[in-house]
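Examination of the molecular architecture
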Amino acid sequence: MGKKYVYSFEEGKADMKGLLGGKGANLAEMTNIGLPVPTGITVTTEACNDYYAQGGKMPEGLEAEIKEKMVGLEAKIGKNFGDAANPLLLSIRSGAKFSMPGMMDTILNLGLNDQTCEAMVKATNNERFVLDCYRRFIQMFSGVVLGLEHHKFESVLDAQKEKRGVHFDTELDADDLREVVAAYKKVVKRETGNDFPEDPMQQLLLAVQAVFGSWNNQRAIVYRRLNQIPDDLGTAVNIQSMVFGNMGEDCGTGVAFTRNPSTGEKALYGEYLINAQGEDVVAGIRTPQPISKLQEEMPVIYQQFVDICKTLEQHYQNMQDIEFTIEKGKLYILQTRHGKRTANAAIKIAVEMAAEGLIDKNEAVLRVEPGALDQLLHRRIDPAAKFEVIAKGLPASPGAASGTVVFDADEAEKQGQSGQKVVLVRTETTPDDIHGIVAAQGVLTSRGGMTSHAAVVARGMGKPCVCGCEAIKINYAEKLFSVNGTVVREGDTVSIDGATGQVILGTVPMIDPELSPEFQELLGWADDIRTMAVRANADTPEDAAKAREFGAEGIGLCRTEHMFMAQDRLPVVQEMILAETLEDREAALEKLLPVQQGDFYGILKAMEGFPVYIRLLDPPLHEFLPNIEELVVEITELKCTGGDKNLIAEKEELLRKVRQLHEFNPMLGHRGCRLGVTFPEIYAMQVKAIYQATAQLVKEGVDAEPEVMIPLVIHVNELKMLREQAVEIAKAVQQEHGIDFDIHIGTMIELPRAAVTADEIATQADFFSFGTNDLTQTTLGFSRDDAEGKFLPDYINKKILTDNPFVVLDQAGVGKLVKLGTDLGRQANPALKVGICGEHGGEPSSIGFCHRIGMNYVSCSPYRVPIARLASAQAAAGGESSVSTK
């Protein structure tokens, strides 16, 4: 027996998302718990994958199975597909395992043709309604299936409205719409060379193939890449009997969330339109009413909807995003899914649902996507700032942004990639604009509501968005918008506040966010669950203090070279580097010693009670000297202008030294512990500064816990030599001050040889800190700066690599070395502490890997500490985030 490609709603259930897609599985589940769902069938994701496997051809048996299931559908409804007397009409929607909003437009009213249209007129006695359905169907089908551009039909409709002197579609009568339908058919004939298809079964089969085709359209590919959704899942096709929200004033359609997706408030949030079809709400063609107003207009329907929302939230134990239609005073539920939400809302909902007993604390922690916490760490407009508000729209996605105005998604992408901060301004956005939204700082639209495409996509990306700002009049031809006499042209700067809906002229001051009590509570639960410590990468007392504020339990990487770069210190550092004799170098180092001691004193004090891993000097010395080309130019100019001969001689000597230190490949050159081997006095000064600061703090009663980290080790003998020097200095400081403190010396594992000989190296180390940035470069043979700017995007686009390995740890390659090094190190030294301090230490899936191989800690930038705390807890709780805010 062949595969079963088509399921009736009664045959499915919620846990069949992989086969029926999220939408199909939820339609089946709602049908089986007794909710008023228009009956239908679902074509599986397997059919989609087989369609592609067979070169874009319908799998064998699928057409027959669809026809067979349609017979059953007709029997349930009591209408016949394509019947001249009592026709059945259908809606066609795509639905993948993971929600991908806007990937393919819905096709409504499928099955209409000239014959069924006349039958519908007789059945409803409402010619205007039927012709409105027919013109919508032709436009939707032509766009989705035939690939015709939306504007070709909109221009026809606009011309008819202008001819009749009306503003809204609803003001056109039956005669007007008959003209529109005829004109639409002419557009199809002109553009395709063929008549619009009249056979309903042909319409249906073409629509099914169009849904399959939508899986690999450009916007779907971009969306999957952004949200790390696999390309081989395929999409299901949901074929559902039509219900009509546009048959009159006792009809309507809407979208609602069981809780506010922006704030998390426990209250219905959504919009609806009277006498409209579903696409009218999300397309932004008419500005909808808030769902609360439905209580006034249709109180019985409203209460029924409230009760269904409660049922669905209790059943799924999650906030739901629900689409509904009211046909002649009867409520139908068209879809439910876990609602996408902002990070702030996700936290509030998770904490409150745990308090309500709907979920436990473990599940609450799993409900928040760690990466989305970035949204809460973004800046917002300073309340004390003075600025000029020129318009106000709907606050569709929180946060604030400033940028130059652009009116085109391609231009937004172009400028965004070149480093410009832009705000994308559109009448309304469509899924084709997704690349521009990605590149923009924020989005402003003149039409559309809180559930429009722009709002949903921006919220998912954590970008501010203001929608439905009807006061702004956009002129695409002249690349400007005007509002109350103010003209804003492309290239001018505006700011938007997605929390208030304000549109502001110019740039406004921003401030750092404050973390909500719910956020702190959730992170407290995460801390109780996780088993790995979370530290921060911090080089200053200020960074250390910020890290503690975000919950860091120490510093996993303090980069001492950053301290050398300060303008008041650089001349002394250069003096040390340029010294010709050991005596001269030590004299310069003596000047640096108290400065370094002060640095370490401040950081150790700020992180009192927690360990601070201090990495000794890592980059090659030439990085502290002037650029060769700039020196050559400077010397040439001095000579050509008759400059001071002594100054020229001084510059030429500096050039000689810089050339002497120049390396062809400095990343693999004279850096890290190799400097310590060649110039042991440099590391000796740093170690002495660390322990002098420690002694000072111990005398003051401060619990200082320094741990000295020696970078770029490849051989145990390097570490042995430098460890002995460090321990000797530490003991000398203890003796000098008559005090005691712990001495911990460890190393960074950032080269393949270090990982594969970790058992030898561990005999001389108290800890390993994996520097996965350099380990990724040396394992893959990628120079990060060159790869990311040149060929790495091609590797990702062509799916040679799934992710940027400098962002997401390459677990199959680099990860194996990390695990090998961890296992070998602990075999030789069971007390060895192991952690990670590369940027991967703040990336959720990499943190999960670190947990699985038994690391003691991860370390990341201060602003990613909350993300690491949550991701570490999710790994310990046995899962990953179960709700996406994307």
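Residues numbered from 1 in each chain as written. Predicted model: local features only at pLDDT ≥ 70, side-chain atom pairs only at ≥ 80, totals over all residues. Heavy atoms only, no water.

The helix and strand inventory of the chain stands at 35 helices and 33 strands. Across its three principal directions, the C-alpha atoms of the chain cover 105 × 65 × 50 Å. With 886 residues in all, the chain has 56% of them scored as buried. A fraction of 70% describes how many contacts in the chain between residues 6 or more apart in sequence connect residues 24 or more apart. (Helix = DSSP H or I, 4+ residues; strand = E, 2+ residues; numbered from the N terminus. Buried < 20%, exposed > 50% of the residue type's maximum accessible area, 1.4 Å probe, protein only. Contact = heavy atoms within 4.5 Å.)

This paragraph deals with the pairing of strand β29 (residues 705-710). Burial analysis of β29 places five of its six residues in the buried class, which makes it a mostly covered element. As judged from the five bridges shared by strand β28 (residues 611-615) and β29, these two strands associate in the parallel manner. Paired with R615 across the bridge in β29 is M709. Strand direction decides the pairing type here: β29 and strand β30 (residues 745-749), joined by three bridges, are parallel. Bridging from a neighbouring strand, I710 pairs with T747 of β30. Running through helix α27 (residues 716-737), the crossover from β29 to the neighbouring parallel element β30 is right-handed. (Pairing = 2+ DSSP bridges. Right-handed = clockwise from strand over helix to strand, strands pointing away.)

In this fold, P805 is placed in the loop between α32 (792-797) and α33 (814-828). A sequence separation of 104 residues divides P805 from G701, and the C-alpha atoms of the two residues are 44 Å apart. Those residues in contact with P805, other than ones at most four positions away along the chain, are T776, L780, L792, D810 and H840.

This paragraph deals with the pairing of strand β9 (residues 269-274). Judged by how many residues are buried, β9 sits mostly within the fold: six of six residues are covered. Here β9 shows no split at all, with Y269, E271 and L273 on one side and G270, Y272 and I274 on the other all buried. For strand β8 (residues 252-257) and β9, the ladder comprises six bridges, and the chain directions are antiparallel. Across the sheet, residue G252 finds its bridge partner in β9, namely I274.

With that out of the way, let us pick up unusual backbone geometry. In this model, N484 sits at a positive phi of 50°, which is unusual for a non-glycine residue. With respect to the helices and strands, N484 occurs in the loop between β21 (480-483) and β22 (486-489). Residue classification places N484 among the exposed positions, given a relative accessible area of 73%.

Right, let's talk about helix α24 (residues 645-661) for a bit. The terminal C-alpha atoms of α24 lie 24 Å apart, and with 17 residues this matches the ideal 24 Å at 1.5 Å per residue to within 8%. Every buried residue of α24 is listed here: I648, K651, L654, L655, K657, V658 and L661. Taking the backbone nitrogen of N646 as reference, a side-chain oxygen 2.9 Å away marks D644 as the first, capping residue of α24. (Expected span 1.5 Å × (residues − 1). Polar contact = N/O pair within 3.5 Å; in protein donor to acceptor, adjacent residues only side chain to side chain.)

Scanning all chains against the criterion turns up zero disulfides. No disulfide involves C467; its nearest neighbouring cysteine sulfur is the one of C465, lying 3.5 Å away. C467 sits in the buried class, given a relative accessible area of 0%. Free cysteine C673: the closest other cysteine sulfur is in C837, separated by 15 Å. Looking at C673, the relative accessible area reads 0%, which means it is buried. (Disulfide = S-S within 2.5 Å.)

Reading across the sheet, the eight strands line up as β14-β24-β23-β16-β17-β18-β19-β15 and stay open at both edges, with mixed pairing between neighbours. Unpaired on one side and paired on the other, β14 (388-392) and β15 (394-397) mark the two borders of the sheet. Averaged over all pairs of adjacent strands, the angle between their axes in this sheet comes to 35°, without regard to strand direction. Relative to strand β17 (residues 422-426), strand β16 (residues 400-406) is paired through three bridges, and the arrangement is parallel. Bridged to V406 within β17 is L424. (Axes fitted to C-alpha atoms, helices over the stretch in contact; angles between N-to-C directions.)

Further remarks concern the packing of helix α19 (residues 541-549) against helix α22 (residues 582-606). Taken N-terminus to C-terminus, the directions of α19 and α22 make an angle of 10°; their axes are 8 Å apart at the nearest point. The angle between α19 and α22 falls in the class roughly parallel. Residues P541, A544, A545 and R548 of α19 touch α22, and the partners they reach there are G602, I603 and A606. (Parallel < 35°, antiparallel > 145°, perpendicular 65-115°, else oblique.)

Taken together, the side chains of F791, Y795 and I800 define a hydrophobic patch exposed on the protein surface, amounting to about 260 Å² of accessible area. One can find I800 in the loop between α32 and α33. Classification of I800 by relative accessible area gives exposed; the value is 54%. (Patch = residues over 30% accessible without salt bridge, like charges linked within 9 Å, V, L, I, M, F, W, Y side chains within 5 Å. Areas by Shrake-Rupley, 256 points an atom, 1.4 Å probe, with all protein chains shown as cover. Salt bridge = Lys/Arg side-chain N within 4 Å of Asp/Glu carboxyl O.)

Once that is clear, we can look at the pattern of salt bridges. Counted by the stated rule, this structure contains 53 salt bridges. D169 is the partner of K161 in a salt bridge, and the nearest nitrogen-oxygen pair spans 2.8 Å. On the accessibility criterion, K161 (11% relative accessible area) is buried. When the shortest N-O distance is used, the salt bridge between K833 and E707 registers 3.0 Å. With a gap of 126 residues between them, K833 in strand β32 (residues 833-836) and E707 in strand β29 connect regions that are remote in the sequence. A cluster of three or more residues bridged by salt bridges with shared partners is formed by R259, K266, E313, K348, E352, E356 and E518.

Note that D599 resides in helix α22. A relative accessible area of 13% means that D599 is categorised as buried. Those residues within four positions of D599 in sequence are excluded, and the remaining contacts are M563 and R569.

In terms of nonpolar packing, the biggest core is built from 101 residues, with Y691, I710, F768 and M855 touching the most fellow members. Considering every element that reaches this core, the biggest residue donor is helix α26 (residues 680-699), with eleven residues. Residue contacts for I710: discarding those within four places in its chain leaves L616, C673, Y683, L719, L722, R723, I745, G746, T747 and M748. (Core = buried A, V, L, I, M, F, W, Y, C linked by side-chain atoms within 4.5 Å.)

Now for the sheet that holds strand β27 (residues 555-559). One closed barrel accounts for eight strands, arranged β26-β27-β28-β29-β30-β31-β32-β33; its pairing is parallel. Neighbour to neighbour, the strand axes of the sheet diverge by 30° on average, direction disregarded. Contacting β28, β29 and β30, α26 runs over the sheet at an angle of about 170° to β29. Packed onto the sheet, α27 meets β29 and β30 and runs at close to 145° relative to β30.

So, about the confidence of the model for the chain. Confidence along the chain averages 90 in pLDDT terms, with 96% of residues attaining 70 or more. Ignoring residues within four places in sequence, the model shows residues 882-886, a span with pLDDT below 50, making 27 contacts including any to other chains. (pLDDT = per-residue confidence, 0-100.)

What follows is about the packing of aromatic side chains. Counted according to the given criterion, the structure contains 19 aromatic pairs. Judged by centre distance (5.1 Å) and plane angle (45°), the ring pair of Y51 and F212 falls under tilted. Taken together, the positions of Y51 in helix α2 (residues 45-53) and F212 in helix α8 (residues 200-214) put the pair 161 residues apart, joining distant regions of the chain. An identical accessibility class is assigned to Y51 and F212; each is buried. Members of the aromatic cluster, joined through ring pairs, are Y51, Y52 and F212. Positioned over the ring face of Y7 is K4, at 4.7 Å from the centre of the ring. In this arrangement the basic side chain of R535 is found over the ring face of Y613, its NZ or CZ atom lying 4.5 Å from the centre. (Phe/Tyr/Trp six-rings, centres within 6.5 Å; stacked < 30°, edge-to-face > 60°. Lys NZ or Arg CZ within 6 Å of the ring centre and 35° of its normal.)

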